[in-house]
Amino acid sequence: INHDQLPNQYNSMGSDLFTKVPNPLYGLVPAKNAILGSPTIGKGYLLKPHPQYLSMTEDSPNIAGSSYQALQVRVEERFRSAGVLLVSYTHAHLQGTADVLTGYLETSRFGVGGASGVQDNNNIAGEQSLSSFDVPNRLVVSYTLGLPVGRGKWLLSNANGFVNRIVGDWKLNGIYTAQSGFPLAFQYSSANTLQTNFAAGDAGPGLPAGVSRPDFVPNATGCANNKSISGSPKNKLTKYFNTACFVKSSEFAYGNEPRVDPDLRAEGINNFDFSLGKSVSIEGRFNFEFRAESFNLLNRTQFAPPNAQVDVATYGTVATQINQPRLLQLSGRINF
């Protein structure tokens, strides 16, 4: 957070903020400071709360908060034939003025939309929105089940010793996960004049507000008040949402787009992991364990969030995936 941002009532001065005027700090600040130590200075510098400094930042101040509400349901069923089924569901809502400040990192690892900072340091309340980590729905189904095949079981109950070693005592294990995608966060790769770190013609911090966000214009040409585009994620890789709905804000104003968009989300999780295994006793002294495992059994692709930086050539496109393709592995172990 920058505590030396230009007060918002001066934003209407526009480019006049950079008009050079006599510098009352001249001679009081070392001349090696190219801005504060020069004979003239832009008006905007003198209108900041602490004009004797270029900026005053504080890391992780306690000025924001968040609210989380959730409904959690858990159902467990145990079977007589050596099995268990566990179903967990969460319906949740996470919002507030606090969020992650390293969106670039979370985007690549978890598929988070990438909110990465405050827009207006003078208006923390204006940061109120969904959280980058808001997950409305998450369902996890896990199970372990012994197959009813082999001696004493429903199928091949009279199998001899050799056949039973092959077909008996197999166990299925699996996890199915379904989760809503994370919401998108729109911003600029470059800053407008209020957010820039360099005032016109200067070599230091200017009127430094936070990150730059666009305006959502529902009646913009091609928008028709509809941010979403129909179709599967695979069919929207080159245009994941209606890009015409977001436009660059003016140079001396803040974008009206919230920190996290309330309507647009990246692709969610829909994944099956599965394993099949058994244990065989050998002459009473040895035990052989075999497992066949598959992660992402159906080889489903989970695409990364689309690029939500309005001023880049790849705006609105999806370039990568964030999950791994199907992975198969076999293992065997002898215990003695």
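Up top you'll find the structure we're talking about.
Quick caveat: nothing in here was measured; it's all calculated off a predicted structure. Each chain carries its own residue numbering, running from 1 in the direction its sequence is written. Thresholds applied to this predicted model are a pLDDT of at least 70 for local features of residues and 80 or more for the giving and counting of side-chain atom pairs; totals over whole chains, interfaces and linings are not thresholded and use all residues. Only hydrogens and water are removed before side-chain values are computed, so all heavy atoms of the structure are retained for them.

*Asks:* Looking at this structure, I do not really get the environment of I166. What am I missing?
*Replies:* Numbering of helices and strands runs from the N terminus, with a helix taken as a DSSP run of H or I at least four residues long and a strand as a DSSP run of E at least two residues long. As for its placement among the helices and strands, I166 is situated in helix α3 (residues 161–167). Separated by 16 residues in the primary sequence, I166 and G150 place their C-alpha atoms 8.6 Å from one another.

*Asks:* Quick question: what am I supposed to make of the pattern of salt bridges here?
*Replies:* Pairing between side chains becomes possible if they bear opposite charge and their charged atoms approach one another. When a carboxyl oxygen of Asp or Glu lies within 4 Å of a side-chain nitrogen of Lys or Arg, that pair is called a salt bridge. Overall, the coordinates contain 13 salt bridges when judged by the stated rule. K43 serves as the salt-bridge partner of D16, at 3.0 Å between the closest nitrogen and oxygen. On the criterion of sequence distance, the pair formed by D16 in the segment before β1 (20–22) and K43 in helix α1 (residues 43–46) is long-range, its members being 27 residues apart. Residue exposure (1.4 Å probe, protein chains only): buried if accessible area is under 20% of the type maximum, exposed if over 50%, otherwise partly exposed. A relative accessible area of 28% means that D16 is categorised as partly exposed. Taking the relative accessible area as the measure of exposure, K43 reaches 27% and is therefore partly exposed. Salt-bridge contacts for K227 lead to D261; the nearest nitrogen and oxygen are separated by 2.9 Å.

*Asks:* Which parts of the structure should I look at to understand the state of the cysteines?
*Replies:* Defined simply, a disulfide is a covalent bond joining two cysteines at their sulfur atoms. Pairs of cysteine sulfur atoms within 2.5 Å are identified as disulfides in what follows. For the structure shown, the criterion picks out 1 disulfide. C223 shares a disulfide with C245; S-S distance 2.1 Å. Every disulfide takes its handedness from the sign of the S-S torsion; for C223 and C245 that torsion is 100 degrees, giving right-handed. In this pair, C223 sits in the loop between β8 (215–216) and β9 (246–247) while C245 sits in the loop between β8 and β9, placing the two residues 22 residues apart along the sequence. C245 matches C223 in its accessibility class, with the two residues each being buried.

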